[in-house]
Amino acid sequence: MLLRRRRTSEDIDRDREVIVEHGPSLAKGPALIAGSLLVAFGLAALLKNNDFPSFSSSFPDGTVQGTNFLGFEVNGWTAFFAITAGALLLFGAAQHHLAKMMSLLVGLALAACAVIAIIDGQDVLGLAAANFWTKLGFAVAGGVLLVNALMPRTTRRREVATATDDTVDDTPRRRRFSRDTEAPTTVGERPAQTGADAPTTTHRAP
């Protein structure tokens, strides 16, 4: 007789499965908000000033002047940079990893624009007009997006108990194609008799 083994706490823990469920992303929301703000600012600035200095004559060390819009000095290229950056962020806000990648790329681009404008003093590569507030806006937006590129996705761990079979079947299983040891008998055939039980035959003389 087989005794049933007592289950310990280690066996119970072994029978549990941990399911990791992905929660909401912490990078998609900021990317969506920043992208919307940049696109709205770029479109409004483009309505205020749609002057695009010639690329061939101004790039990379030309001097350009823009129009004051909400304290920011803007021109057509400044608005174009903002619209492009916002559109990339809106495109990346659909998925978690895509939002992080776009936040990293756009953040680096805006930070580079801020550094170039600070070094040049008046514009970005002779194209986009920039004053102090424009440089500050590029720097703040780039820093926020670089931080957003590090945002994780929330997860939740849930334990699920697995079904275990503690009963042991002691009955031997019969082989599917096993043969019986006894020889089969044919219907109507009488078994042969030997020895004392065998009938005797008497021959009568003529």
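Calculation notes
Residues numbered from 1 in each chain as written. Predicted model: local features only at pLDDT ≥ 70, side-chain atom pairs only at ≥ 80, totals over all residues. Heavy atoms only, no water. Axes fitted to C-alpha atoms, helices over the stretch in contact; angles between N-to-C directions. Helix = DSSP H or I, 4+ residues; strand = E, 2+ residues; numbered from the N terminus. Parallel < 35°, antiparallel > 145°, perpendicular 65-115°, else oblique. Left-handed = near helix turned anticlockwise from the far one by under 90°. Contact = heavy atoms within 4.5 Å. Nonpolar A, V, L, I, M, F, W, Y, C, P; charged D, E, K, R; others polar. Core = buried A, V, L, I, M, F, W, Y, C linked by side-chain atoms within 4.5 Å. Buried < 20%, exposed > 50% of the residue type's maximum accessible area, 1.4 Å probe, protein only. Polar contact = N/O pair within 3.5 Å; in protein donor to acceptor, adjacent residues only side chain to side chain.

Draft legend 1. Quick peek at the packing of helix H4 (residues 76–92) against helix H5 (residues 96–120). Here H4 crosses H5 at 165°, and the two axes come no closer than 8 Å. By the angle class used here, H4 and H5 are roughly antiparallel. Note that H4 runs across H5; the crossing there is left-handed. Contact residues: H4 offers Ala85, Leu88, Leu89, Phe91 and Gly92, while H5 offers Leu98, Ala99, Met102, Ser103, Val106 and Leu110. A per-class count over the contact of H4 with H5 returns 9 nonpolar, 2 polar and no charged.

Draft legend 2. A look at the nonpolar core. Ranked by internal contacts, the top residues of the largest apolar core, which has 18 residues, are Leu89, Val106, Leu110, Val124, Phe138 and Leu145. When residues of this core are traced back to their parent elements, those giving at least two are helix H2 (28–48), H4, H5 and helix H6 (132–148). With 7 residues, the single largest contributor to this core is H5. Those residues in contact with leucine 110 that lie beyond four places of it in its chain are Leu38, Ala85, Phe138, Ala141, Gly142 and Leu145.

Draft legend 3. Just the environment of serine 58, in detail. As for its position among the elements, serine 58 is in helix H3 (residues 55–58). With relative accessibility at 9%, the residue serine 58 sits in the buried group. Remark: the alpha-carbon pair of serine 58 and leucine 125, spanning 67 residues in sequence, is separated by 7.9 Å. Leaving out residues up to four positions away in the same chain, serine 58 has contacts with Pro53, Val64, Leu125, Gly126 and Leu127.

Draft legend 4. Quick peek at the side chain of asparagine 75. Its location among the elements puts asparagine 75 in the loop between strand E3 (72–74) and H4. Within the structure, the side chain of asparagine 75 is placed 2.8 Å from the backbone oxygen of leucine 127, a separation counted as a polar contact. Of the polar contacts made by the side chain of asparagine 75, one reaches the backbone nitrogen of alanine 129; its length is 3.3 Å.

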